[in-house]
There are 2 protein chains.
Amino acid sequence: MSIEAVAREAGVSVATVSRVFNAPDLVRPPTREKVEKVALRLGYRANASAQTLRTQRSKVIGVVLPTLLNPVFAECPEGIAATAAEHGYSIIPVTTSYRLADEEAAVARLAARSVDGMVLVVANPAASPALKRLRAAKVPYVLAYNRHAKHPCVSVDHEAAVADVVHRLVARGHRRIAMVSGQLSASDRAQQRHRGFVRGLGECGLSAGTLLEVPFMEHAVQHLTEFLRGPARPTALFCSNDLLAIRTVRAAWQMGLRVPADLSVVGFDGIELGPDLTPSLGTVVQPNREIGIQCVRLLAGAMAAGRPLVPKASLTPDHSFRDGESPGPPPAS
Amino acid sequence: MSIEAVAREAGVSVATVSRVFNAPDLVRPPTREKVEKVALRLGYRANASAQTLRTQRSKVIGVVLPTLLNPVFAECPEGIAATAAEHGYSIIPVTTSYRLADEEAAVARLAARSVDGMVLVVANPAASPALKRLRAAKVPYVLAYNRHAKHPCVSVDHEAAVADVVHRLVARGHRRIAMVSGQLSASDRAQQRHRGFVRGLGECGLSAGTLLEVPFMEHAVQHLTEFLRGPARPTALFCSNDLLAIRTVRAAWQMGLRVPADLSVVGFDGIELGPDLTPSLGTVVQPNREIGIQCVRLLAGAMAAGRPLVPKASLTPDHSFRDGESPGPPPAS
DNA sequence: CTGTTAGCGCATTCAC
DNA sequence: GTGAATGCGCTAACAG
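Attention in this report is confined to the structure presented alongside it. Worth saying up front: this structure is predicted, and the values here are computed from it rather than measured.

**Comments concerning the sheet that holds strand β2 (residues 90-95) of chain B**
All names here are of chain B.
- Across the sheet, 5 strands lie side by side as β2-β1-β3-β4-β5; this open sheet has parallel pairing. Two strands bound the open sheet, and with one partner strand each, they are β2 and β5 (153-154).
- Two strands pair when backbone bridges link them, and strand β1 (residues 60-65) and strand β3 (residues 117-120) are joined in this way by 4 bridges, in the parallel orientation. Residue pairing for β3: Gly62 is matched across the bridge by Met118.

**Topic: the sheet that holds strand β2 (residues 90-95) of chain A**
Residues and elements named next belong to chain A.
- Judged by pairing direction, the sheet is parallel, and its 5 strands sit side by side in the order β2-β1-β3-β4-β5 without closing on themselves. Here the strands that pair on one side only, and so sit at the sheet edges, are β2 and β5 (153-154).
- As defined by bridge partners, strand β4 (residues 141-144) adjoins β5 across 2 bridges and the pair is classed as parallel. Within the sheet, the bridge partner assigned to Leu143 lies in β5 and is Cys153.

**Things to note about the nonpolar core**
- Counting 105 residues, the largest nonpolar core has Ile61 of chain A together with Ile61 of chain B as the members making the most contacts within it.
- Of all hydrophobic cores here, the second largest spans 34 residues; its members include Val115 of chain A together with Ile92, Val107 and Val115 of chain B.

**A look at the protein's contact with DNA strand C**
- Taken together, 26 residues form the shell around DNA strand C, and within it Ile3 and Arg54 of chain A together with Arg19, Thr31 and Arg54 of chain B come nearest.
- Near-protein atoms of DNA strand C (within 4 Å) split between backbone and bases, with sugar and phosphate holding 59%.
- A distance of 2.7 Å separates a phosphate oxygen of DNA strand C from a polar atom in the side chain of Gln51 of chain A.
- Contacts to DNA strand C include Gln56 of chain B, whose side-chain N or O atom sits 2.9 Å from a sugar or linking oxygen.
- Of all the secondary structure elements, the ones that give two or more residues to the surface near DNA strand C are α2 (14-22) and α4 (48-55) of chain A together with α2 (14-22) and α4 (48-55) of chain B.
- Across the surface near DNA strand C, the residue classes break down as 10 nonpolar, 10 polar and 6 charged.

**Here we look at the relation of the copies chain B and chain A**
- For the pair chain B and chain A, the superposition axis carries a translation of 0.0 Å, the fit reaches an RMSD of 0.1 Å, and the rotation angle comes to 180°. Here the two chains are linked by the operation of a two-fold rotation axis. For chain B, the residue whose C-alpha comes nearest the rotation axis is Ser49 of chain B, separated from it by 2.2 Å.
- When the interface residues of chain B are mapped onto chain A, 98% of them again lie at the interface, so the same face is used by both copies.

**Brief notes about the interface of chain B and chain A**
- Taken residue by residue, the interface counts 42 residues in chain B and 41 residues in chain A.
- Note on chain B versus chain A: buried area summed over both sides is about 3700 Å², and carbon and sulfur give 56% of it.
- Per-residue buried area on chain B facing chain A is highest for Leu69, Arg250 and Thr278 of chain B; these three make up 17% of the total on that side.
- For the pair chain B and chain A, the interface holds 4 salt bridges.
- The residue Glu325 of chain A makes a salt bridge to Arg250 of chain B at a minimum N-O spacing of 2.7 Å.
- Taken together, the links from chain B to chain A amount to 13 residue pairs in polar contact (both at pLDDT 80 or more).
- Per-class residue counts for the side of chain B that touches chain A are 22 nonpolar, 9 polar and 11 charged.

**Focus: helix α9 (residues 188-203) of chain B**
Residue and element names in this part refer to chain B.
- With 16 residues, α9 ought to run about 22 Å at 1.5 Å a step, and its terminal C-alpha atoms sit 22 Å apart, in line with that.
- Turning to α9, its buried residues number three or more, namely Asp188, Arg189, Ala190, Gln192, Arg193, His194, Gly196, Phe197, Gly200 and Leu201.
- Of the surrounding elements, those touching the buried residues of α9 are α5 (71-86), α8 (158-171), β6 (177-181), β7 (211-213), β8 (236-239) and β9 (264-269).
- Sitting at the amino-terminal end of α9 is Ser187, which places a side-chain oxygen 3.1 Å from the backbone nitrogen of Arg189.
- Positioned one or two residues after α9, Gly205 has a phi angle of 75°, which is positive.

**A closer look at the protein's contact with DNA strand D**
- The environment of DNA strand D is made up of 25 residues, and the closest members are Thr16, Arg19 and Thr31 of chain A together with Ile3 and Arg54 of chain B.
- Here DNA strand D approaches the protein such that, of its atoms within 4 Å, sugar and phosphate make up 64%.
- The separation between a phosphate oxygen of DNA strand D and a polar side-chain atom of Thr31 of chain A is 2.4 Å.
- A distance of 3.0 Å is found between a phosphate oxygen of DNA strand D and a backbone nitrogen or oxygen belonging to Asn47 of chain B.

**Quick notes on the packing of helix α10 (residues 220-229) of chain B against helix α11 (residues 242-254) of chain B**
Residue and element names in this part refer to chain B.
- The N-to-C vectors of α10 and α11 enclose an angle of 55°; their axes lie 9 Å apart at closest approach. One way to sum up the angle between α10 and α11 is to call them oblique. Crossing hand, α10 versus α11: right-handed. Judged by residue contacts, Ala220, Val221, Leu224, Thr225 and Leu228 of α10 engage Leu244, Arg247, Thr248, Ala251, Ala252 and Gln254 from α11.
- Tallied by class, the residues present in the contact of α10 with α11 amount to 7 nonpolar, 3 polar and 1 charged.

The rules behind the values
Residues numbered from 1 in each chain as written. Chains lettered and ligands numbered in written order. Predicted model: local features only at pLDDT ≥ 70, side-chain atom pairs only at ≥ 80, totals over all residues. Heavy atoms only, no water. Pairing = 2+ DSSP bridges. Helix = DSSP H or I, 4+ residues; strand = E, 2+ residues; numbered from the N terminus. Core = buried A, V, L, I, M, F, W, Y, C linked by side-chain atoms within 4.5 Å. Buried < 20%, exposed > 50% of the residue type's maximum accessible area, 1.4 Å probe, protein only. Near = heavy atom within 4 Å. Polar contact = N/O pair within 3.5 Å; in protein donor to acceptor, adjacent residues only side chain to side chain. Nonpolar A, V, L, I, M, F, W, Y, C, P; charged D, E, K, R; others polar. Least-squares fit on C-alpha atoms with pLDDT ≥ 70 in both. Contact = heavy atoms within 4.5 Å. Buried area = accessible area lost by both parts, 1.4 Å probe. Salt bridge = Lys/Arg side-chain N within 4 Å of Asp/Glu carboxyl O. Expected span 1.5 Å × (residues − 1). Axes fitted to C-alpha atoms, helices over the stretch in contact; angles between N-to-C directions. Parallel < 35°, antiparallel > 145°, perpendicular 65-115°, else oblique. Left-handed = near helix turned anticlockwise from the far one by under 90°.

In structure tokens form, the structure reads like this:
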């Protein structure tokens, strides 16, 4: 089904058929209708490759994510896709499994597809070869969840959010608060959240809390169990993300600790599943869909203007809290 | 960065550059190396649109899914992407939000992108206009999770799996077993699972169990709570999918029922999060990644042969069980 | 082994 | 308002 077949069948030139779809006003109504009818009958759809090649614009936004297995990163594209569609764009999501080399490969492949813009969640903007290339290629892009002065970003203020959550725990009476995180060095988000943890404790006049790094999610429960068996068990655990928090609840439960009676647990992310868990998950809520939406809004502006986004365009949507049932007051002890 | 720029810079023709990437053996090593060096220096990547337009093959597999918010459908693409990559294909995932019209639109858009094949999870193969068009277009495709005699499918035998799970519950001593499901009419999977439920009960000599249809996931907990308050509360609940099972556990807990002491809950899907929940989720495990892998294997064969897949090619990977902690013996009463 | 060239399907001048 | 013609970047004959 090519444009030529439609043209022939409708007794017009290919130019007219093209206009019917791209600039209908330039075509006399009777002609237009005739073409539309034929196109419909033949099931004609313009070939995207040809269009992209010809116009040098694909009307596609590339989306680079660590994984879709973490609900956070599955929720965000919902907002991206919806808003992209409003602006006439489709999206192509690509996952990197947190691998740096994959980030670069993903960017290269999307560039080869002539995407008009990209939304990416990278491990660490400061050390990302992918971003360097993107910038050089003058492809408009925004980072989501990352925060970095040299790049356009859309993300909550992780540090402030975690400092806030520490205050809330302290307000509830907690004094021994520990943090659980994935490998800090692997992600700027983890680092920023940890800074917020330290700052929050400091602001509350508490000494530096323990940080438990769990490099591999698969062994999280095991590590946590060992940790909770250790001396001076904390009364509250702040977990750097919701998946970790879920596993923390499990680890606690496995060793006979009740949540929140014996141990308070708070996560970070605000995944939609949180409220449906038992106990429902207390967490710092990021507006995941909204983040996606704002990314695309920024991008749409840049793409329309035909120039890359600047770091100053960065947005900081507000975080919020879901108390949930997993945090409570510390045990009387 | 076009092939021509590389050719000029390397002092060869565009054909030679093309060969360096597509048929390196046809190029004399010195020439090849020179071209490779120039290409690398210039950061050249072949334009995918031009390649697709010219060769009429995109080396892309389109993936049509209901949503990525359900972990089942996020896990499957992991297998798809990995296997696709092995065969030199990339994937473009598209979500339909369970909307029929979106299925058709997704297929149309992917077709416009000249995808070489498609993997789809549809609401109901029997009533899918999208599939009709696909077939007519002679694009090779496979359905995942769906089962239908007229289409090539890769899916566990939902009916048998659920019948099995009923047997297991009965073996544990349960007699009053109910099923919770989304809207039956919305999905062939739900229907097949329900048939398995009915069959399983029959095989065990039990009378037809209650079916609770929960049309909207958001109200699941509320509906479930009402149901559990009703007369002759079952001792075990089979939930048509894991997300529903998670909410069922919550509903039970909210009204003071302990799982599994007061109520056994079993899900279906085998999402990876299941074992990390508290209590860990008993469920029928589908090999989600493997399903994706098998889909691509079938597809790769068909695409290589240049002809669509036939229904007979369908595969039925084995299901298994994770006992988990959510099912147990019925209360002594 | 390498170069020349046609054309994939389309949008876009430029004529008319 | 419409048509003819050009070329986007690339691969695949074909010629040499």
